[in-house]
Each structure stands twice: as structure tokens, then as C-alpha cells.
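What the coordinates show
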Amino acid sequence: VGLINVATFLSQALSESIATGSCDEINQETVDGSLPIANSCGQYGQSYQDMHCSDEEKFMECSPYAAMEMNANPNGRPVSPFYCGPTEKYPFTGTADYISGREPVGSPVPNRNGRTDVEGCCWWGRGTINTRGICQYGKLNYYLGARAAQEGRPSRYP
């Protein structure tokens, strides 16, 4: 049964990689006819930096870091990939242009949750299983090595 699960996971990974052509989440939720860059903070009503763990697992959460800056990998699509950064650098974001892929920034364009900035929003989906949010990243970090490092054991990914 274990090998079947691994084979199923790998086939799903291959299928999604071919279908989306990207390892990073793709900006695809339109709001009032626009494609907000602030979707980096969450799409479809989700707020990735507010995806908390249960009380029992809260110790594994990653804390949002306002000064963190990151750019998603180019996705081969005409829409610019997600990015995040402090409001000092990006006081507000605009909308992605479907045709040019560039971001016209003349005025703030909110995502579905009303966000117009991308501060602390580096938690968009990545990888085959689209890991996203401070809880999922925290758990991944914890189980890949943070726990071992906390316990003083050797770890490949501390």
C-alpha cells in the first residue's frame, strides 16, 4: 500500500507540473474584472498569513516577517508571478495585465479580502501539494529538521 501511495503522489506531481507549468501558485482569481497582485496574500477568500495551526500545533507555526521579500518563479504565463515585500518598498500593488503580463500600478487594487499591499505575504502555494500558509510551512519546517535542531540532534535542514 505504501508504494502505491508514493506512485500516486508522484503521478499527481507530474500531472500538475505539466498542467500548470509552475512550481509556484499562479495568480488566477479575478476581482471585479482585475487580477490583483495582492492575491499573493491569498486567493479565493483565503488569507495565507492567517492560516493558523490548531492550539495543539501552534508551536510549529512560522511567524509572518514583515521585511521578508520574495519572488515566485516565472511561470511561463503572460501574468507576472507573485511577489511580497514590505510596505516601504511596495506601499500598494496594482493589477496584472493579462496581455503584457506587466503590472500597471497607478492606484491600489484590492484582492477579495481587501488587501492592497504584499507585506508579510510570502506564504503562497508552492510545490506539488501547494503548501501554503504559516501553519503548513511551519509544519513542513518542523518535520524536515527544526524539531531535531531544537532537541540538539543533527539535522540536514535545521
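All right, on to the state of the cysteines then. Taken as a whole and judged by the stated rule, the model has 3 disulfides. Paired by a disulfide, Cys41 and Cys121 hold their sulfur atoms 1.9 Å apart. Taking the sign of the S-S torsion, about 90° here, the bridge from Cys41 to Cys121 comes out right-handed. With Cys41 in the loop between helix H1 (2-20) and strand E1 (70-71) and Cys121 in the loop between strand E2 (83-84) and helix H2 (133-150), this pair connects stretches of sequence that are 80 residues apart. Neither residue differs from the other here; Cys41 and Cys121 are each classed as buried. Should the bonded cysteines of the protein chain be numbered as they appear in the sequence, the pairing reads 1-4, 2-6, 3-5.

The next point concerns H2. When the terminal C-alpha atoms of H2 are compared, their 22 Å separation across 18 residues is substantially less than the 26 Å that a helix rising 1.5 Å per residue should span. Considering bend angle alone, the principal kink of H2 is centred on Tyr142 and spans about 60°. Buried within H2 are the following residues: Gly133, Ile134, Cys135, Tyr137, Gly138, Tyr142, Gly145, Ala146 and Ala148. Positive phi appears at Gly152, one or two residues downstream of H2, with a value of about 75°.

Turning to the side chain of Thr95, a few remarks are in order. Following the sequence through the fold, Thr95 ends up in the loop between E2 and H2. Thr95 gets classed as buried once you look at its relative accessible area, which sits at 17%. There is a polar contact of 3.0 Å between the side chain of Thr95 and the backbone nitrogen of Leu35.

Let us look at the pattern of salt bridges. Under the counting rule described, the total for this entry stands at 8 salt bridges. Arg132 is the partner of Glu25 in a salt bridge, and the nearest nitrogen-oxygen pair spans 3.5 Å. Here Glu25, found in the loop between H1 and E1, pairs with Arg132, found in the loop between E2 and H2; they are 107 residues apart in sequence, far enough to count as distant. Per residue, the accessibility class of Glu25 equals that of Arg132, and both read buried.

A few words now on the environment of Pro86. Within the secondary structure, Pro86 sits in the loop between E2 and H2. Exposure remark for Pro86: the relative accessible area of 11% places this residue in the buried category. Along the sequence, Pro86 and Val118 sit 32 residues apart, while their C-alpha atoms lie 6.9 Å from each other. If sequence neighbours within four positions are ignored, Pro86 has contacts with Ala66, Ala67, Met68, Glu69 and Glu119.

The backbone of Asp32 sits at a positive phi, close to 55°, despite the residue not being glycine. Locating Asp32 in the fold gives a position in the loop between H1 and E1. We note that Tyr44 has phi near 55°; this positive angle belongs to a residue other than glycine. With respect to the secondary-structure elements, Tyr44 resides in the loop between H1 and E1.

What follows is about a nonpolar patch on the surface. A cluster of nonpolar side chains, namely Val6, Phe9 and Leu10, defines an oily patch on the protein surface of about 280 Å² accessible area. Topologically, Leu10 is positioned in helix H1. On the accessibility criterion, Leu10 (52% relative accessible area) is exposed.

Each value, and the rule that gives it
Residues numbered from 1 in each chain as written. Predicted model: local features only at pLDDT ≥ 70, side-chain atom pairs only at ≥ 80, totals over all residues. Heavy atoms only, no water. Disulfide = S-S within 2.5 Å. Helix = DSSP H or I, 4+ residues; strand = E, 2+ residues; numbered from the N terminus. Buried < 20%, exposed > 50% of the residue type's maximum accessible area, 1.4 Å probe, protein only. Expected span 1.5 Å × (residues − 1). Bend = angle between axes of the 7 residues up to and from the residue. Polar contact = N/O pair within 3.5 Å; in protein donor to acceptor, adjacent residues only side chain to side chain. Salt bridge = Lys/Arg side-chain N within 4 Å of Asp/Glu carboxyl O. Contact = heavy atoms within 4.5 Å. Patch = residues over 30% accessible without salt bridge, like charges linked within 9 Å, V, L, I, M, F, W, Y side chains within 5 Å. Areas by Shrake-Rupley, 256 points an atom, 1.4 Å probe, with all protein chains shown as cover.

Without other data, these values stay purely geometric and don't point to any function.
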